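Secondary and tertiary structure notes
The chain contents come next:
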Amino acid sequence: EAGYSSARAHQLATLATRKAKEYGVDADTLEGRWRAEAAALGFGPEQLATCFGAPAERAGVDVEQLFVDLAGPEGLTKQASTFARKDVVEALCERLGSDADAETIGRLTDEFIGSGHVAVLAPQSNNVEQVHRRGGGRRRSHDLARYTTPELLELERRLLHSADQGFGANVPGANPDAVERAVAAKTSLSEEQIAMIRAVCAPDAPAVQLVAGRPGSGKTYATAACVEAFVTTGAPVAGCALSATAAAELESATNLQVLTGRPARTIARMVLDIRRHGLPQGIVLLVDEASMVGTRDLAALVEAVGAAGGAIKLIGDPDQHGPVDAGGFFAALCREHETEVVGLFANNRQLD
């Protein structure tokens, strides 16, 4: 009635209008009332009896489909790039429940690990995978071996190739005059930020470009100047981030909606739009908070940008939060391409 719609208003309305609790009602009265309500709904002793004692029918397990699921994007590598034997055991127990005993779980685990759905990873040279046994013996434990899936390995291979070799087309860049005008318009830019803007807008920049900046270094503020330079040049620009909050911050800083007609979006929404409509030719895609992006989302973005003959700018802090999904690719790229990373180190957010 007052026109309020906040969570606090909802809570106040609920407390003011809900029926008061009854106190001092004896158990027999409550039970009688409940039985009457159940009978009115058609729920009596016969219906109650059917809820107990019925043996669960064991559905036949499609082992091949089970293995496909375990090796798929929603399986063992959904939130981790590698897994161990114990992870397979746990996943099988969750999926099969009482339909399989311990012996069956162990057999299916060995079958899955030995199948073409699994890729065995080479052991690290500095990791001695030995376990001391009773009696003084030592042998390698299968539980310490690491595995992944061919699907994820292939995605990582393609990502590495794109980062190393580019997309086989000229990288879209901004006109040098447009870059200098964008820099001049932001008088508070540091020398480090100006260097970042020029590097990101350069026509000889990598197709998959890495911008690594510490918290407070002004990555997003400098990115706004890059957007202005690209838009002035006539290059299509889009921006995205993993979370809605990060996307809103990117939009607030870069004003993409006004400049391009396309607001900064979440990566989930961006991937959905790409599947429906593709990307404009020669697009420059800005990915903020790139350290939090999972491998599969990153692969989808990189491949779409490559198909459009564009460039993708991965902006983030490799030492900050990692992805919830299987990932860590941004940090790995920053390590492998250390000499090519555009770095921002100075703190421009706090002055005191």
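Residues numbered from 1 in each chain as written. Predicted model: local features only at pLDDT ≥ 70, side-chain atom pairs only at ≥ 80, totals over all residues. Heavy atoms only, no water.

**A closer look at the overall build of the protein**
Secondary structure summary: the protein contains 15 helices and 10 strands in total. Along the longest, intermediate and shortest principal axes, the C-alpha atoms of the protein span 85 × 75 × 45 Å. Buried positions account for 38% of the 352 residues belonging to the protein. Residue pairs at least 24 apart in sequence account for 78% of intrachain contacts in the protein once pairs closer than 6 positions are excluded. Split by element, the accessible area of the protein, about 20700 Å² in all, is 52% carbon and sulfur. Once the 34 positive and 46 negative side-chain charges of the protein are each reduced to a mean point, those two points are 2 Å apart. (Helix = DSSP H or I, 4+ residues; strand = E, 2+ residues; numbered from the N terminus. Buried < 20%, exposed > 50% of the residue type's maximum accessible area, 1.4 Å probe, protein only. Contact = heavy atoms within 4.5 Å. Areas by Shrake-Rupley, 256 points an atom, 1.4 Å probe, with all protein chains shown as cover. Lys, Arg positive; Asp, Glu negative; His and termini not counted. Charge placed at Lys NZ, Arg CZ, Asp CG, Glu CD.)

**Looking at the packing of aromatic side chains**
Applying the stated criterion to the full structure yields three aromatic pairs. Aromatic ring contacts, followed pair by pair, group Phe-67, Phe-83, Phe-112 and Tyr-147 into a single cluster. (Phe/Tyr/Trp six-rings, centres within 6.5 Å; stacked < 30°, edge-to-face > 60°.)

**Some words on the sheet that holds strand E10 (residues 342–344)**
Ordered by their spatial adjacency, six strands build an open sheet running E7-E6-E8-E9-E5-E10, and the pairing between neighbours is parallel. Single-partner strands in this sheet number two, and they are strand E7 (265–266) and E10. Relative to E10, strand E5 (residues 208–213) runs parallel, the two sharing three bridges. The partner of Val-211 across the bridge, within E10, is Val-342. (Pairing = 2+ DSSP bridges.)

**Looking at the nonpolar core**
Among the nonpolar cores identified, the biggest contains 32 residues, and Met-270, Leu-279, Leu-285, Val-287, Leu-301, Ile-312 and Leu-314 are the most heavily contacted of them. Of all elements in the fold, only helix H7 (150–165), E5, strand E6 (237–241), helix H13 (267–277), strand E8 (284–288), helix H14 (295–307), strand E9 (311–316) and helix H15 (329–336) reach the threshold of two or more residues within this core. In terms of residue count, H14 provides more of this core than any other element does, six residues in total. Sequence-distant contacts of Leu-301, defined by excluding residues within four places in its chain, comprise Cys-240, Ile-267, Met-270, Val-271, Ile-274, Leu-285, Val-287 and Ile-312. Ranked by size, the runner-up nonpolar core spans 27 residues in total, among them Leu-189, Ala-225, Val-237 and Ala-264. (Core = buried A, V, L, I, M, F, W, Y, C linked by side-chain atoms within 4.5 Å.)

**Here's the deal with the pattern of salt bridges**
Any two side chains of opposite charge can pair, given that their charged atoms come close. For the coordinates displayed, the defined rule picks out 12 salt bridges. In this structure, Arg-269 engages Asp-273 in a salt bridge whose closest nitrogen and oxygen atoms are separated by 3.1 Å. Within this pair, Arg-269 and its partner Asp-273 are both found in helix H13, separated by four residues, close to a single helical turn. Judged by its relative accessible area of 9%, Asp-273 falls in the buried class. Counted as one network, the salt bridges with shared partners bring together Glu-154, Arg-157, Arg-158 and Glu-303. (Salt bridge = Lys/Arg side-chain N within 4 Å of Asp/Glu carboxyl O.)

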